[in-house]
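# Architecture and fold: a report
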Amino acid sequence: MKKKKKSTLTSSLKLVSKLVFLNPGKLRKGIQVLEHLYEFLGFELQITSRRLSAVHREGDYHRAVHVWIFAESTQELLLQRRTDCKDSWPGLWDISSAGHVSAGDTSLITARRELQEELGVNLPKDAFELLFVFLQECVTNDGKFIDNEFDDVYLVTTLAPIPLEAFTLQESEVSAVKYISVEDYKHLLAKGDPHYVPHKMDGQYGQLFDIITKRYQDNTEGRTLLLQKKLNRYAPISLTAELTGLTEEDKEALVLLIQAAKTMDDIFHQQVWYSNPSLREWLNGHAQMSELDMLKLKYYSINKSPWSCLDENEAFLTTADSAVKLLLEATKPVAGWKGLEYKAAFPMLKPPGANFYPPDMDKMEFGLWVKGLSEIEYQDATGFFNVIRRHSDSDSNNIALSNNSTSDLYISPYSQEYSAFLAKAAELLHKAGDLTRSPSLKRLLHSKADAFLSNDYYDSDIAWMELDSKLDVTIGPYETYEDELFGYKATFEAFIGIRDDKATAQVKLFGDQLKVLEQNLPMDNIYKSQDVISAPIRVIELVYNSGDVKGPQTAAFNLPNDERIVKDRGTSMVMLKNVSEAKFKLILQPIADLCITKEQRELVGFDSFFTHTICHECCHGIGPHTITLPSGRKSTVRLELQELHSALEEAKADIVGLWALNFLIAKDLLPKSLVKSIYVSFLAGCFRSVRFGLEEAHGKGQALQFNWLFEKGAFVLHPDQTFSVDFDKIGGAVESLSREVLMIQAKGDKDAARLLLEKYSEMTQPLNIALEKLAKVEVPVDIAPDFPIMTNLLHKK
């Protein structure tokens, strides 16, 4: 690193370090800042073989990994004694394993390789839990050794200590290993024992010991109460539907469709995180052991991961709660020892890339890689239906770079990645397709089954849009919320329901008006599409859902998201009427009773709530999708806004939906009696959605809208801590925000999107006032449905 550049960055590095480590409340934000810094300095922070000897002499900032092996049963850490020939801390006891991140390598690859080289322990990636990143700055050897390291600190949790004779020590690095209790080690470090490499217990590195200590505290009663409190935020509800309108053949097909939908659950759990399926199986197998274990499973089943949707994705489980796995050949064999048992790890912070990308891949690595791809490969890499993997993460645990590739990254299609599940689902869909007499349903089921195996979803999505059947089916990869890194990858889901013919006929008006709404949108005419197509809307009673239906439940959806289809054929909407009715009765009405002024409370009604939900979904289908950038390059809003797209798109659908309702009322297409009711119902809905959390796209988008409208005086807070709508200001405020969001999307302006979300997607004082009132009386945040029809059908089968 050039000295001038180094000196200008040193203060920034220290500031980031403090942000990340000294303020736990800023941990997630700090790590995001650190990731952006890695993007800027990535090539500088990695070490080339040429610079290895000079990096400590010159004090260059660089990356390294620390790997600690922790034995759960004895509460001991494994230490290694550094050889006497080491440049730093020769002959002293230190970390289980450590090493520099070399150019071309990543943190996790380095962690696995160092453990293998230094100790002869070969572990898969799910054994490594990234705890935190630590900035180490120290000078030793009379100023000859300057260590400025960003250390990625990993924990490997084994069930019991690994026999010492199982290790194969690297003679040039390690002279001995031993286990020591966490408490004894802390005591030795605290008193500065000269036989141990020093670590400041009251400094940043003390987190290691704090995490382990907290994780294994005997606090069963406290955890039980906390999990029960979290569960109480979801109101249990049984969702039913009338099956009398189905033919006998469709009833038989329904059973097969539910079975196919269950495979969507299996795929989604894998998409969330690679050790998530193991955790799910483990919790199911141990739920009967105690009340706490049952609560773990119940809350996990709602979130479908160890991260709580309603708590900014805060982990409610730890690796200590996870599955135990046995490796027979992780080390050299030892007589009488069955092998290494470890806990399948997951990080405390939910990974933004989920399991769509390698866990240690950052945006810079991805960006450099895609620059070398062909146009078709680039489309696959950034497309909906492919994951990104590493050659070095193969099942063989080969940690070296593949000789057949210039990059460690490669594209894996969903049809290959989830082949076993998709083959099973395809077989079930084909059988159901053979049973039904509905031509459109038959076409959908067979084409979707083919798509599962070919990875080409275009024809099946067209068939879904044209579905005209009493038995309504949505199944496959659609939404991209889970991909918080780029917003590229689609998750699998399923919604199976019975069409409400009367309600479907009543909502046809909204789909028919999309062209008119597009041409009157509050944005510059140059950005308005001339190709908007009327959108069919189906209203159904939900019988079963699965896959990406974690946390707060979907009440409606507008699909597909594939911009090719949106451009060619538009979109289609499905409204889940029984879900909306449950949300209104159990959640929105109690919110209105607490948070809306007495004078406006009676204006909150189901018809207004449901009508805005319809318009929300309609407005996903209008506005910018495929865009032309100022450079003349064609792109899409999703590709340009990346991880910001989902939150801004939800805000657009909401606020433009409100604008559209006012427009339709002004054109006498809807009754004028709805005007005030729609605005007040929307205000109450703000408090409902923002409770989903600001890490969730709908919650973040809702905070943006509320804070904008409150700032413009359209929403008013009264001394009694209730809220009302100022009907003289609300129309203009809604239109101004609609224009702001639409123009950002039309220009693909990610910087403007970030500034808008950073300014307005905050938990402000007015929002906190409302949320505290709701928390005191424990108004549910959302519903937790069960499906008795599904249970009965499968039981009979």
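Located above this text is the structure these notes cover.
Presented here is a report on the structure given in the accompanying data block. (Residues numbered from 1 in each chain as written. Predicted model: local features only at pLDDT ≥ 70, side-chain atom pairs only at ≥ 80, totals over all residues. Heavy atoms only, no water.)

Most of strand S19 (residues 572–576) is tucked away, with five of its five residues classed as buried. Because side chains alternate across S19, one face comprises the buried residues Ser-572, Val-574 and Leu-576, and the other comprises Met-573 and Met-575, equally buried. Pairing of strand S17 (residues 537–547) with S19 involves four bridges; the strand directions are parallel. The residue of S19 that forms the bridge with Val-539 is Met-575. Both strand S18 (residues 556–559) and S19 contribute to a ladder of four bridges, which runs antiparallel. Residue pairing for S19: Leu-559 is matched across the bridge by Ser-572. (Buried < 20%, exposed > 50% of the residue type's maximum accessible area, 1.4 Å probe, protein only. Helix = DSSP H or I, 4+ residues; strand = E, 2+ residues; numbered from the N terminus. Pairing = 2+ DSSP bridges.)

Right, let's get into the packing of helix H23 (residues 606–620) against helix H26 (residues 674–690). To characterise two packed helices, one gives the angle between the axes of the helices and the distance between these axes. Closest axis-to-axis distance for the H23/H26 pair is 8 Å, and the angle between their directions is 75 degrees. Viewed along their axes, H23 and H26 adopt a mutual orientation that is roughly perpendicular. Of the residues in H26, those in contact with Ser-608, Phe-609 and His-612 of H23 are Leu-674, Ser-677, Ile-678, Ser-681, Phe-682 and Arg-688. Considering only residue class, the contact of H23 with H26 consists of four nonpolar, four polar and one charged. (Axes fitted to C-alpha atoms, helices over the stretch in contact; angles between N-to-C directions. Parallel < 35°, antiparallel > 145°, perpendicular 65-115°, else oblique. Contact = heavy atoms within 4.5 Å. Nonpolar A, V, L, I, M, F, W, Y, C, P; charged D, E, K, R; others polar.)

Attention shifts here to the packing of aromatic side chains. One pass over the full model with this rule turns up 40 aromatic pairs. Between Phe-452 and Phe-492 the ring centres are 6.3 Å apart and the planes differ by 55 degrees, which places this aromatic pair in the tilted class. Placement of Phe-452 in helix H15 (residues 439–454) and of Phe-492 in strand S16 (residues 492–499) is noted, with a sequence separation of 40 residues between them. Residue Phe-492 is classed as buried on the basis of its relative accessible area, which comes to 0%. (Phe/Tyr/Trp six-rings, centres within 6.5 Å; stacked < 30°, edge-to-face > 60°.)

A few words on the pattern of salt bridges. Within the structure shown, the criterion is met by 46 salt bridges. Here Glu-341 makes a salt bridge to Lys-338, at a shortest N to O gap of 3.3 Å. The class for Glu-341 is partly exposed, based on a relative accessible area of 22%. What makes Lys-338 exposed here is its relative accessible area of 53%. Residues Lys-448 and Asp-461 are paired through a salt bridge, measuring 3.2 Å at the closest nitrogen-oxygen approach. Here the residue Lys-448 occupies a position in helix H15, and Asp-461 occupies one in helix H16 (residues 458–465), the gap between them amounting to 13 residues. Accessibility assignment for this pair places Lys-448 and Asp-461 in one class, buried. Shared partners join several salt bridges into a network, and the residues in it are Lys-363, Glu-643, Lys-750, Asp-751 and Arg-754. (Salt bridge = Lys/Arg side-chain N within 4 Å of Asp/Glu carboxyl O.)

Strand order in the open sheet made by the five strands is S15-S16-S17-S19-S18, with mixed pairing throughout. For this open sheet the edge positions go to strand S15 (471–477) and S18, each flanked by a neighbour on one side alone. The average undirected angle you get between the axes of adjacent strands in this sheet is 35 degrees. Inspection of the sheet shows S15 paired to S16 by seven bridges, in the antiparallel sense. The residue of S16 that forms the bridge with Gly-476 is Glu-493. This element, helix H21 (residues 577–595), spans S17 and S19 of the sheet and lies at about 80 degrees to S17.

It is worth spelling out the pairing of strand S7 (residues 174–181) at this point. Across the eight residues that make up S7, a large majority, six, are buried. Here seven bridges tie strand S2 (residues 76–82) to S7, and the two strands are oriented antiparallel to one another. Each residue of the ladder has a partner; that of Arg-81, found in S7, is Ala-176.

Attention now goes to the nonpolar core. Counting residues in each nonpolar core, the largest one holds 164 residues, and the members touching the most others are Phe-366, Phe-452, Phe-510, Phe-687 and Leu-709. Residue contributions to this core peak at twelve residues, all from helix H25 (residues 645–666). The contact partners of Leu-709, leaving out residues within four places of it in the chain, are Ile-655, Phe-682, Ala-714, Phe-715, Ile-730, Ala-733 and Val-734. The next biggest cluster of nonpolar side chains, apart from the first, holds 26 residues, and it includes Val-67, Ile-162, Val-177 and Leu-340. (Core = buried A, V, L, I, M, F, W, Y, C linked by side-chain atoms within 4.5 Å.)

Let us now look at the packing of H21 against helix H30 (residues 765–776). At their nearest, the axes of H21 and H30 sit 10 Å apart, and the two run at 115 degrees to each other. Crossing of H21 against H30: the hand is right-handed. For the pair H21 and H30, contact is made by Ile-591, Leu-594 and Cys-595 and by Ala-770, Lys-773 and Leu-774, respectively. (Left-handed = near helix turned anticlockwise from the far one by under 90°.)

Attention now moves to empty space enclosed by the protein. This model, assessed by the stated rule, comprises one cavity of 30 Å³ or more. Of the volumes computed, that of the largest cavity is approximately 40 Å³. Taken together, Phe-384, Phe-385, Asp-461, Pro-477, Tyr-478, Pro-560, Asn-561 and Asp-562 form the lining of the largest cavity. Looking at side-chain class alone, the lining of the largest cavity contains five nonpolar, one polar and two charged residues. (1 Å grid on protein atoms, 1.4 Å probe; cavity = no way out; pocket = protein on both sides within 12 Å on 5 of 7 lines; lining within 4 Å. Points joined across faces, edges and corners; volume = space filled by probe spheres on them.)

This paragraph deals with helix H9 (residues 276–286). Restricting attention to buried positions, one finds in H9 the residues Asn-276, Ser-278, Leu-279 and Leu-283. Down the axis of H9, the buried set is contained in an arc of 155 degrees. They therefore lie on one face. H9 presents Glu-281 and Gly-285 as exposed residues on the side facing more than 90 degrees away from its buried surface. The inward-facing, buried residues of H9 abut helix H8 (248–272), helix H10 (291–303) and strand S11 (324–327). (Arc of directions from axis to C-beta.)

This part takes up the side chain of Glu-149. Mapped onto the elements, Glu-149 comes out in strand S6 (residues 145–158). The charged side chain of Glu-149 is buried without a salt bridge, its nearest counter-charge being Arg-82 at 8.4 Å. Of note is the side chain of Glu-149, whose polar atom sits 3.2 Å from the side chain of His-100. (Lys, Arg positive; Asp, Glu negative; His and termini not counted. Polar contact = N/O pair within 3.5 Å; in protein donor to acceptor, adjacent residues only side chain to side chain.)

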